[in-house]
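# Structural characterization, general
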Amino acid sequence: DTGVTQSPTHLIKTRGQQVTLRCSPISGHKSVSWYQQVLGQGPQFIFQYYEKEERGRGNFPDRFSARQFPNYSSELNVNALLLGDSALYLCASSFRTGQIYEQYFGPGTRLTVT
Amino acid sequence: KQEVTQIPAALSVPEGENLVLNCSFTDSAIYNLQWFRQDPGKGLTSLLLIQSSQREQTSGRLNASLDKSSGRSTLYIAASQPGDSATYLCAVKPPGGSEKLVFGKGTKLTVNP
């Protein structure tokens, strides 16, 4: 089985630009979550989508937005990039079994803002 | 607000040693707790998931325990190997409709040959 895939692997952007990150969940998983991990910190929750509907939003500014497509893949958009947006962006997909929500993470996209 | 703390921040041990990583959380109302491994610059690999009704889970040389009432979990690694060197992250799922996980900052483990 293919795991969670993310693209691109790395990218470099300039302050003020916009960026789109992409994620494909594990086949059969309908939920996708996005996290931001700054160097030396644990991942911070940004969004969760389930069947194209937003189910959760973390404490991030409106410059961050996301959407989920009918095939359950997802995009994270960040506008007006700041230096502080430099981080590893992680996508996770999950399949609910009863009360269990075990999340499976992709390799991440390393974003550098200069 | 749920907060997760991991102690120690870094740990260096000789190969073959048994070790314990600690995780504490401030709100005992959790659905489950997951332990992850992260290699430098990489994504997260799920190691063990403990449901709130469980006390422990085991996988190979790994054993994770959960004491929800005291807000603590431990990850026990037996007979450590250099390949175990990585950052270990603990995360809890709070109650609520979303699948949000709250993470600690991790423990960086180095196992020396």
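Definitions and cut-offs
- Residues numbered from 1 in each chain as written.
- Chains lettered and ligands numbered in written order.
- Predicted model: local features only at pLDDT ≥ 70, side-chain atom pairs only at ≥ 80, totals over all residues.
- Heavy atoms only, no water.
- Pairing = 2+ DSSP bridges.
- Helix = DSSP H or I, 4+ residues; strand = E, 2+ residues; numbered from the N terminus.
- Axes fitted to C-alpha atoms, helices over the stretch in contact; angles between N-to-C directions.
- Buried < 20%, exposed > 50% of the residue type's maximum accessible area, 1.4 Å probe, protein only.
- Contact = heavy atoms within 4.5 Å.
- Core = buried A, V, L, I, M, F, W, Y, C linked by side-chain atoms within 4.5 Å.
- Phe/Tyr/Trp six-rings, centres within 6.5 Å; stacked < 30°, edge-to-face > 60°.

## A short note on the sheet that holds strand 3 (residues 19-25) of chain B
Residues and elements named next belong to chain B.
- Spatially, 5 strands are ordered 1-3-8-7-6 in an open sheet, and the strand pairing comes out antiparallel. Each edge of the open sheet carries a strand with a single partner, namely strand 1 (4-7) and strand 6 (56-59). In this sheet, neighbouring strand axes are inclined to one another by 15° on average, regardless of whether the strands run parallel or antiparallel.
- Inspection of the sheet shows strand 7 (residues 62-67) paired to strand 8 (residues 72-77) by 6 bridges, in the antiparallel sense. Residue A64 lies in a different strand from strand 8, and its bridge partner there is L75.

## Overview of the environment of V20(B)
Residues and elements named next belong to chain B.
- Inspection of the secondary structure puts V20 in strand 3.
- In this structure V20 comes out as partly exposed when scored by relative accessible area, which is 40%.
- Sequence separation between V20 and A78 is 58 residues, and the spatial gap between their C-alpha atoms is 8.8 Å.
- Setting aside its immediate chain neighbours within four residues, V20 contacts T74, L75 and Y76.

## Some points on the nonpolar core
- Within the largest apolar cluster, 23 residues are counted, with the highest numbers of intra-cluster contacts made by L33(B), W35(B) and L75(B).
- Looking at this core, the elements that each hand over two or more residues are strand 3, strand 4 (32-38), strand 5 (44-51), strand 7, strand 8, strand 9 (86-93) and strand 11 (107-112) of chain B.
- I26(A), W34(A), Y49(A) and Y89(A) belong to the second-largest nonpolar core, a separate cluster that totals 22 residues.

## Structural notes on the packing of aromatic side chains
- Overall, the coordinates contain 8 aromatic pairs over all chains when judged by the stated rule.
- Aromatic side chains Y35(A) and F103(B) sit 5.7 Å apart centroid to centroid with 85° between the ring planes, which places their arrangement in the edge-to-face category. In this pair, Y35(A) sits in strand 4 (residues 31-37) while F103(B) sits in strand 10 (residues 102-103), so the two residues belong to two different chains. Exposure class is identical for Y35(A) and F103(B). Each is buried.
- For the pair F36(B) and F103(B), a centre-to-centre distance of 5.6 Å together with 40° between the ring planes defines the contact as tilted. Here F36(B), found in strand 4, pairs with F103(B), found in strand 10; they are 67 residues apart in sequence, far enough to count as distant. Each of the two residues, F36(B) as well as F103(B), counts as buried.
- An aromatic cluster of at least three residues, connected via ring pairs, comprises Y35(A), F45(A), F105(A), F36(B) and F103(B).

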